[in-house]
Amino acid sequence: MCGIVGYIGKQKASAIILEGLKRLEYRGYDSAGVATQQGDHFDLAKKIGRVEGLIKTTPALKLPGTTGIGHTRWATHGGVTDANAHPHISSDQKFAIIHNGVVENYASIKKFLLTKGYTFKSETDTEVLCNLIAYHYQKEPATKEGSRFLESVRKTLRHIEGTYGIAVMCADNPAEIVAARKGSPLILGVGDGELMLASDVSAIISRTQNVVYLKDGEIVHMTAQNFSITTLDSSDVSPVIDKITWNIEDSEVGAFDHFMEKEIFEQPAALENTMRGRFSEDGSTAQFGGLNITAIDFRQVDRFHFIACGSAWHACLVAEQLIERFARVPVEVDYASEFRYRNIPLSKNALFFTISQSGETIDTLAAMREAKRKGYKVLAISNVVGSSIAREADGGVYQHVGPEIGVASTKAFTSQLLVGAMLALYIGRMRDMSFSGGIEYVKALKGAPDLVRETLKLAPQLKEIAKRYAHYKDMLFLGRLTLFPVALEGALKLKEISYIHAEGYPAAEMKHGPIALISEECPSVFFVPSGEMFNKVVSSMQEIKARKGKIIAIATQNCELPSGLVDELIRIPECHEAVLPIVASIPVQLLSYYMAVELKRDVDKPRNLAKSVTVE
Ligand code: F6R
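Structural notes, computed from the coordinates. (Residues numbered from 1 in each chain as written. Predicted model: local features only at pLDDT ≥ 70, side-chain atom pairs only at ≥ 80, totals over all residues. Heavy atoms only, no water.)

Considering unusual backbone geometry
Line of reasoning, step 1. Residues His86 and Pro87 are joined by a peptide bond in cis, for which omega reads 0°.
Line of reasoning, step 2. If you trace the backbone, Pro87 turns up in the loop between strand S4 (67–73) and strand S5 (88–89).
Line of reasoning, step 3. Its identity as a non-glycine residue notwithstanding, Asn292 has a phi of 55°, on the positive side.
Line of reasoning, step 4. Tracing the chain through its elements places Asn292 in the loop between helix H7 (267–275) and helix H8 (295–300).
Line of reasoning, step 5. Exposure remark for Asn292: the relative accessible area of 54% places this residue in the exposed category.
Line of reasoning, step 6. The phi angle at Arg328 is positive, at roughly 55°, despite the residue not being glycine. (Helix = DSSP H or I, 4+ residues; strand = E, 2+ residues; numbered from the N terminus. Buried < 20%, exposed > 50% of the residue type's maximum accessible area, 1.4 Å probe, protein only.)

This is the structure we're talking about:
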C-alpha cells in the first residue's frame, strides 16, 4: 500500500526513481510524485494517475538533482488529488517527505502545528508528519555537526502513533536522506557508489542485489558515501547485508500481456520451486528447514490455528481440511482482521500459522503479534524473504515462487495450497499416516506441476468461454469440501479484476439462499469431482438448470455428466485430493483473467486495490 523509492548517488535521481516507481505501482496507483534536491532547493513533480502519466508530463530538466525521493499512492487520508499526492514539502520549505502508512494521531498534531504557524496544502497525515519534523528541527540545537536533521526526524517519530515507512530530505543537508520504518516495509539497497531505498526489492533490483531489510523502529541516515542505522532510542544497529536471489527478468512482464497472465503460466515452475528439497530421502514425508520446532513439540500440538486475509485465507481453508483429514488434528481458520478482536479461548498446546504472500499485510502481522503476546509460537508461510511477517515469526516456510506483481494472486495462491498440503503430509506422517500412504501422497504432490501444465492447455477454451460470459453482471461459484475454498477464490478473482459481482458458496448450501439469484442472467461455475461428492454436486446442478441458470462445469476427467445438464464443460485431470484444489484453481484463474481482458479492465492494477495492504 503505497510504494516509496529513494536515491542518492551520482546519477540523475529522477530517472532512477521513476523507473523504480513503475515497478512498485502494484502497491498503489492513485497518484505518483518525485522530488529531487539541488543544494537547498527541492524540485517537485506530482500528479494524480499512473507513473506513466507523470513521466509524460514532467520534462527531465525539471528534476535535475542526484538525490531524490518518489512515491506511488494508495489513498488513505484525503482524496485522490494532486495536492494530496506525495512528496509533501513542509510549509517552511525545509523538508520533503514521502510516507507509506497511517499517522493515527495526526489530527491533534495538526491542531498543535496550526497554533505554531505551520500551514497545510493537503488533507494528508503525511504533511502533518513533515511539518512536525520542521517544528522539531527549529527547536533542535545545531550542536553536533550533521545530526540535527536526523535527530529532528527521530524526535518526530517518537510522537507518532500509527505506521510509517518514510524517506525525508532536508534543504540544509543536500545529498542526505533520513528514512525510517514502523509497520510499513522499507529496504535499503547498497549499490556501487550509490544508495537506494524502496518498499520492496523489485524497485531496486536493476541497480543492486545487496540489500538491508530495515526493522521496525530503525532509522537509516544515508549520505552519498555511507549509511548508518540507529533505533528510535538512539542505539546503534549493525547492518546485515543480504543478497537477493532473483533477478530483474523475474519482475518483468516479458512476452506476456499482463503480469497476471505471466504468473498463471509460471505456476508449474513455481510449484516445483516450492517443493524443491522438501521431501524426505525415503520419499514418504515432507521436510521443512525453517520451522524451528522439533518433531516432538510438533507432535504435542492439539490444535492448529491458521490466520490470513483474502486469497491466503482461502488457502488456509484448504489446509484446514487436508490437515484434519490426513493428520486428524483440529484446525481453526480465522480472518486475521477478526482474530485480534475475538479473543477466542485457546488451548495450551495450540500452534499458529500465518499465510501471507507479501509478508506485510498489517492485519495478519497484528494477529500474529497478538498470538505471540499470548505466548504462542507462530510459524509463517510467506513468499517475500525478509518481510515483516517472515522476520517476526518463530519459524516458517518460504514459498519461493519469485515476485508476484499482478495484484490478483495466482502463483502465490497455488503455492500456498501446496505448502498446506505438504504440512498435512508432514503432520499426518507424525501421527497415523502409514509409510505407503506417505509414498503415495508424495508421488501425487510431485506430479502436481505436470497436471497444472496440462490444465493450462485449457487456456484457448477458457478464452472463448470468457467471450460468451463477460457481459453477465452476476455469477456464482459452487464447490464442495476442498473445492469450496476454490469456489471462494474463483469468485474473488472474478470480482477483483473484472468487477463482475460473484459469490462463492458450498454447492449444497446454495439452495438456502443464493438460489434466489438464479435466472438466465446469472450463470454458475460448478466444480465437479469424481468420487463420493459427484452425485450430490450433480443434484445441485439440476436445481440450477431447473431454474434456467447457465452452468459452466469444471469436471474431472472421469465424471460422466447427464447430457444437456451443462452449458460449458471444462475437463481437468483426475488427481489426488491434496492436488485437486491446485489443479481446479487454474481454470477459474484463466476464466477471470480472460473475462477481465474481454471487458478491457486494467488486469494488473484493478481499481481501488493494491497488492499489499499495510493499513488496518
Ligand atoms: C486477492 C489477493 C488478496 C491477498 C490478501 C493477502 O487476489 O491477492 O486477497 O491474498 O490481500 O495478501 P498477503 O498474502 O500478501 O498477506
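Here we look at the nonpolar core
Line of reasoning, step 1. If you look at the biggest cluster of nonpolar residues, it comprises 97 residues, and the most contacted ones within it are Phe298, Phe304, Phe306, Tyr441 and Leu445.
Line of reasoning, step 2. Shared between two domains, this core holds at least three residues of each, these being domain 2 (253–446) and domain 3 (457–604).
Line of reasoning, step 3. Not counting the four nearest positions on each side in its chain, Leu445 is found in contact with Met275, Phe279, Leu418, Ala421, Met422, Leu425, Ala578 and Val579. (Core = buried A, V, L, I, M, F, W, Y, C linked by side-chain atoms within 4.5 Å. Domains from an automatic or database assignment. Contact = heavy atoms within 4.5 Å.)

Examining the pairing of strand S11 (residues 210–213)
Line of reasoning, step 1. Bridge analysis of strand S9 (residues 187–190) against S11 gives three bridges, and the strand direction is antiparallel. Within S11, the position partnered with Ile187 by the bridge is Tyr213.
Line of reasoning, step 2. In the sheet, S11 pairs with strand S15 (residues 242–243) via two bridges, with the strands oriented antiparallel. Residue pairing across strands places Asn210 opposite Lys243, the latter belonging to S15. (Pairing = 2+ DSSP bridges.)

A closer look at the pattern of salt bridges
Line of reasoning, step 1. Per the counting criterion, the structure on display carries 26 salt bridges.
Line of reasoning, step 2. The residue Arg342 makes a salt bridge to Asp334 at a minimum N-O spacing of 2.3 Å.
Line of reasoning, step 3. With a relative accessible area of 43%, Arg342 lands in the partly exposed category.
Line of reasoning, step 4. We classify Asp334 as buried; its relative accessible area is 5%.
Line of reasoning, step 5. Here Lys493 and Glu496 are joined by a salt bridge, their closest N and O atoms 3.5 Å apart. Note that Lys493 and Glu496 are positioned in helix H16 (residues 483–498) at a spacing of three residues, about one turn of the helix. You'll find Lys493 and Glu496 in the same group, each marked buried.
Line of reasoning, step 6. Several salt bridges converge on common partners, so that one network encompasses Arg181, Asp216, Arg369 and Glu392. (Salt bridge = Lys/Arg side-chain N within 4 Å of Asp/Glu carboxyl O.)

Here we look at the environment of Tyr118
Line of reasoning, step 1. If you trace the backbone, Tyr118 turns up in the loop between helix H3 (106–115) and helix H4 (125–139).
Line of reasoning, step 2. We classify Tyr118 as buried; its relative accessible area is 9%.
Line of reasoning, step 3. The spatial distance from the C-alpha of Tyr118 to the C-alpha of Leu214 is 31 Å, given a sequence separation of 96 residues.
Line of reasoning, step 4. Excluding anything up to four places from it in sequence, Tyr118 contacts Ser91, Asp92, Leu113, Asn131, Ala134, Tyr135 and Gln138.
Line of reasoning, step 5. A polar side-chain atom of Tyr118 sits 3.4 Å from the main-chain amide nitrogen of Tyr135. (Polar contact = N/O pair within 3.5 Å; in protein donor to acceptor, adjacent residues only side chain to side chain.)

Looking at empty space enclosed by the protein
Line of reasoning, step 1. Going through the model one piece at a time under the given rule, you end up with one cavity of 30 Å³ or more.
Line of reasoning, step 2. Counted as a void, the largest cavity has a volume near 90 Å³.
Line of reasoning, step 3. Together, 14 residues line the largest cavity, and Cys2, Trp74, Thr76, His86 and Gly101 are the ones closest to its centre.
Line of reasoning, step 4. The set of elements that each furnish at least two residues to the lining of the largest cavity consists of strand S6 (95–100) and H4.
Line of reasoning, step 5. Of the residues contributing to the lining of the largest cavity, the split by class is four nonpolar, eight polar and two charged. (1 Å grid on protein atoms, 1.4 Å probe; cavity = no way out; pocket = protein on both sides within 12 Å on 5 of 7 lines; lining within 4 Å. Points joined across faces, edges and corners; volume = space filled by probe spheres on them. Nonpolar A, V, L, I, M, F, W, Y, C, P; charged D, E, K, R; others polar.)

Limitation: the analysis is restricted to geometry and does not speak to function.
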